[in-house]
Amino acid sequence: EDHLGMMPGRLGQMRDRINGLRAALAAELERAGVARCPRVADGRGMFGLTGLTKDEVLALRDTSAVYLVENGRMNIAALTTETIPTFVAALATI
């Protein structure tokens with residue numbers, strides 16, 4: 001089996017998945033009227049900035065068990081289309 005030959009296709013699948021998650025997150029943020037993650041739709045890669053302060057990140061952790069880096073960076077690849085509404089609802093409380 002040629003594992004290296006399979007990499008471009010798999011990388012493309014992961015890129016498409018993350019771009020889809022970014023689009024779904026942006027749409028849910030807009031639908032819910034949550035003004036966070038201002039550049040999520042046009043960003044690239046598996047990480048994004050939420051715009052949350054350290055205190056807001058800690059509050060989100062305490063109230064909703066949502067874990068982000070203290071500078072507000074999030075792992076978009078950790079989301080699923082099923083968890084995006086829950087994540088956005090948690091952001092709405094901060």
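An account of the accompanying structure is given in this report. The residue count restarts for each chain, going from 1 along the sequence in the order it is written. Where totals are concerned, whole chains, interfaces and linings use all residues; where local detail is concerned, this predicted model gives features only for residues with pLDDT of at least 70, and gives and counts side-chain atom pairs only at 80 or more. Side-chain numbers come from the whole structure's heavy atoms, not from hydrogens or water.

### Observations concerning the overall build of the chain
Secondary structure counts use DSSP, requiring at least four H or I residues in a row for a helix and at least two E residues in a row for a strand, with both numbered from the N terminus. Across its full length, the chain holds 3 helices and 2 strands. Secondary structure elements of the chain occur, N-terminal to C-terminal, as α-β-α-β-α. Principal-axis analysis of the C-alpha atoms gives the chain an extent of 50 × 25 × 20 Å. Surface accessibility of the chain: about 6,000 Å² in total, with carbon and sulfur atoms responsible for 57%. Charge-centre separation for the chain: the mean point of 11 positive side chains lies 3 Å from the mean point of 11 negative side chains. Computed by Shrake-Rupley with a 1.4 Å probe, the accessible areas treat only the displayed protein chains as cover when residues are assessed. When charges are counted, Lys and Arg contribute as positive and Asp and Glu as negative, whereas His and the chain ends are disregarded. Throughout, a charge is located at the NZ atom of Lys, the CZ atom of Arg, the CG atom of Asp or the CD atom of Glu.

### A closer look at the layout of surface pockets
Definitions used throughout: a 1 Å grid over protein atoms alone; a cavity as a set of points that fits a 1.4 Å probe which cannot get out; a pocket as an open set with protein on both sides within 12 Å along at least five of seven lines; a lining residue as one with an atom within 4 Å of a point. Grid points are joined across faces, edges and corners, and a volume is the space filled by probe spheres set on the points. The volume enclosed by the largest pocket comes to roughly 160 Å³. Taken together, Phe47, Ala65, Val66, Tyr67, Leu68, Val69, Arg73, Met74, Asn75, Ala78, Leu79 and Phe87 make up the full set of residues lining the largest pocket. Here the element with the most residues in the lining of the largest pocket is strand E2 (residues 73-75); it accounts for 3 residues.

### Points about helix H3 (residues 84-92)
Listed in full, the buried residues belonging to H3 are Ile84, Phe87, Val88, Ala90 and Leu91. One side of H3 holds all its buried residues, which, seen down the axis, span an arc of 160 degrees. Opposite the buried face of H3, at more than 90 degrees from it, the exposed residues are Thr86 and Ala92. Note on exposure labels: buried denotes an accessible area under 20% of the residue type's maximum, exposed denotes more than 50%, and partly exposed covers the range between, all computed with a 1.4 Å probe on protein chains only. As used here, the arc is the angular range of directions from the helix axis to the C-beta atoms.

### Side note on unusual backbone geometry
The phi dihedral of Cys37 is positive, around 50 degrees, even though this residue is not glycine. Relative to the helices and strands, Cys37 resides in the loop between helix H1 (3-32) and strand E1 (47-49). Although it is not a glycine, Ala65 sits at a positive phi angle of roughly 55 degrees. With relative accessibility at 53%, the residue Ala65 sits in the exposed group.

### Details of the nonpolar core
Among buried residues, those of type Ala, Val, Leu, Ile, Met, Phe, Trp, Tyr and Cys that are joined through side-chain atoms within 4.5 Å constitute a nonpolar core. Counting residues in each nonpolar core, the largest one holds 22 residues, and the members touching the most others are Leu25, Leu29, Leu68, Met74, Phe87 and Leu91. Looking at this core, the elements with two or more residues in it are H1, helix H2 (54-64) and H3. Note on contacts: a residue pair is in contact if any heavy atoms of the two residues lie within 4.5 Å. Excluding anything up to four places from it in sequence, Met74 contacts Leu25, Cys37, Met46, Phe47, Gly48, Thr50, Leu68, Leu79 and Phe87.

### With respect to the pattern of salt bridges
Definition used for salt bridges: Asp or Glu carboxyl oxygen within 4 Å of a side-chain nitrogen of Lys or Arg. Scanning the model with the defined rule gives 5 salt bridges in all. Where Arg36 meets Glu56, a salt bridge forms, and the shortest distance between an N and an O atom there is 3.0 Å. One end of the pair, Arg36, is in the loop between H1 and E1; the other, Glu56, is in helix H2, with 20 residues separating them in the sequence. We classify Arg36 as buried; its relative accessible area is 17%. Across the pair Glu70 and Lys54 runs a salt bridge, and its minimum N-O distance is 3.6 Å. Here Glu70, found in the loop between H2 and E2, pairs with Lys54, found in helix H2; they are 16 residues apart in sequence, far enough to count as distant. When its relative accessible area of 47% is taken as the criterion, Lys54 is described as partly exposed.

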